Amino acid sequence: MQPPEVILDNSDAVYDYYRSHQQRRFQARAAYALLGRRFRPRISYAAGARARIAELVRARKPLLIAINHLSQLDPYTVAAAAWRSELRPRIGRVRVLAKDELFLERDQRRKIDMMGGIPVFRGRDHGLRAVNAAGQRMMDICADRLHDGDGLAVFPEGTCNDVDPTQVQPIGSGIGHIAFRTMKLGTEPALLSIGLSYGPRADPAAEPTKEEAKSASFYFGVPITELPARPAEIARLVRTDLQQALDGAVAAY
């Protein structure tokens, strides 16, 4: 199937495509390995988290991965962290939600597809009413992919935090709806929160320097395998758990 143009008016075809799209695992692993050597982030774990993540990875438990969002460089440092962590065996089977504008330029789209990207049409870019149907379809596709055994990585804040990099910003209910819909399909994903810090900066809205990005701090929380029954409750849990992981990343920097 030829990749459809990623525009809102074409969202049905877009999500039909990403329902079955498969990454090229060898290329994905090579790209993640390269980023792991280039950035070399610091990796730390909550007590018991490393063994538990490894156990879930071996069991091929679908992971719903929540990460706080600080910079346009985050996808690269997160990929580097995945390569240097217990998540490495799952590379090539983790989808990543990314804003639709990143899929417009052909060469960039090819790289994002290889890294597992799924487009998101954001209300802040197109209007809440305009994106409602596409958003519902996107959440269904994400639930389908988790049900099929893929992981899913999400920046649940929805945009870069330029307010306070030590505090998780408000989280929408989208991640809760994805988890809820996955459970309705008969699969309960494990929530894994990963905190990210580039260290203390005078201007939190500024992009991290090259050296700050290279030495990013990641803190992996203990996966949660029993999630609440309602989307809003799941979203609240995500924010609390992600804040704990962010606190760990800041402390470990």
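Residues numbered from 1 in each chain as written. Predicted model: local features only at pLDDT ≥ 70, side-chain atom pairs only at ≥ 80, totals over all residues. Heavy atoms only, no water.

(A) The arrangement of the overall build of the chain in detail. When you go through the chain residue by residue, the secondary structure sums to 10 helices and 7 strands. Expected size for 253 residues packed as a compact globule is a radius of gyration near 18 Å; at 17 Å, the chain falls within 12% of this value. Based on the C-alpha atoms only, the size of the chain along its principal axes is roughly 45 × 40 × 35 Å. By residue count, 54% of the 253 residues in the chain fall in the buried class. (Helix = DSSP H or I, 4+ residues; strand = E, 2+ residues; numbered from the N terminus. Rg over C-alpha atoms; globule rule 2.2 N^0.38 Å. Buried < 20%, exposed > 50% of the residue type's maximum accessible area, 1.4 Å probe, protein only.)

(B) Representation of helix 7 (residues 128-147) within the structure. Between its first and last C-alpha atoms helix 7 spans 27 Å; for 20 residues at 1.5 Å apiece the expected length is 28 Å, and the two agree. At A134, helix 7 shows its strongest bend, of approximately 30°. Along helix 7, the positions that sit buried rather than exposed are V131, A134, G135, M138, M139, I141, C142, A143, R145 and L146. (Expected span 1.5 Å × (residues − 1). Bend = angle between axes of the 7 residues up to and from the residue.)

(C) Up close: the pattern of salt bridges. If you walk through the whole model with that rule in mind, you get 13 salt bridges. Between D113 and R109 there is a salt bridge; the shortest N-O distance is 3.6 Å. Taken as a pair, D113 and R109 lie in helix 5 (residues 106-114) at a separation of 4 residues, close to a single helical turn. For the pair D113 and R109, a shared accessibility class is recorded, and that class is buried. Between R122 and D125 there is a salt bridge, with its nearest N and O atoms 2.9 Å apart. Look at the salt bridges and you will find they share partners, linking D12, D16 and R137 into a network. (Salt bridge = Lys/Arg side-chain N within 4 Å of Asp/Glu carboxyl O.)

(D) How the structure looks around helix 5. All of the buried residues along helix 5 are R109, I112, D113 and M114. Packing partners of the buried residues in helix 5 comprise helix 1 (11-20), helix 2 (25-39) and strand 4 (117-120). Downstream of helix 5 by one or two residues, G116 has phi in the positive range, about 100°. (Contact = heavy atoms within 4.5 Å.)

(E) Main features of the side chain of E157. Tracing the backbone shows E157 in the loop between strand 5 (151-154) and helix 8 (174-184). One buried charge, E157, has no salt-bridge partner; the nearest side chain with opposite charge is R239, at 7.2 Å. Aside from chain neighbours lying at most four places away, what touches E157 is N68, H69, Q167, V168, Q169, P170 and I171. (Lys, Arg positive; Asp, Glu negative; His and termini not counted.)

(F) Structural context of the packing of helix 2 against helix 4 (residues 74-83). One can describe the packing of helix 2 onto helix 4 by two numbers: an axis separation of 7 Å at closest approach and a directional angle of 100°. The orientation of helix 2 relative to helix 4 falls into the category roughly perpendicular. Across from R29, Y32, A33, L35, G36 and F39 in helix 2, the residues of helix 4 making contact are Y76, T77, A79, A80, A82 and W83. Looking at the contact of helix 2 with helix 4 residue by residue, the classes come out as 9 nonpolar, 2 polar and 1 charged. (Axes fitted to C-alpha atoms, helices over the stretch in contact; angles between N-to-C directions. Parallel < 35°, antiparallel > 145°, perpendicular 65-115°, else oblique. Nonpolar A, V, L, I, M, F, W, Y, C, P; charged D, E, K, R; others polar.)

(G) Here's a closer look at the packing of aromatic side chains. Counted according to the given criterion, the structure contains 4 aromatic pairs. The interplanar angle of 75° and the centroid separation of 6.0 Å between the aromatic rings of Y18 and F103 together place this pair among those described as edge-to-face. One end of the pair, Y18, is in helix 1; the other, F103, is in the loop between strand 3 (94-99) and helix 5, with 85 residues separating them in the sequence. Between Y45 and F220, the aromatic rings sit 5.2 Å apart at their centres with planes inclined by 35°, giving tilted as the arrangement. In this pair, Y45 is assigned in strand 1 (residues 42-45) and F220 in strand 7 (residues 217-220), connecting sequence segments 175 residues apart. Judged by relative accessible area, which is 1%, F220 ranks as buried. One Lys or Arg, R42, reaches over the ring of Y253 and ends 4.3 Å from the middle of that ring. Across from the ring centre of W83, 3.9 Å away, lies the NZ or CZ of R88, which sits over that ring. (Phe/Tyr/Trp six-rings, centres within 6.5 Å; stacked < 30°, edge-to-face > 60°. Lys NZ or Arg CZ within 6 Å of the ring centre and 35° of its normal.)

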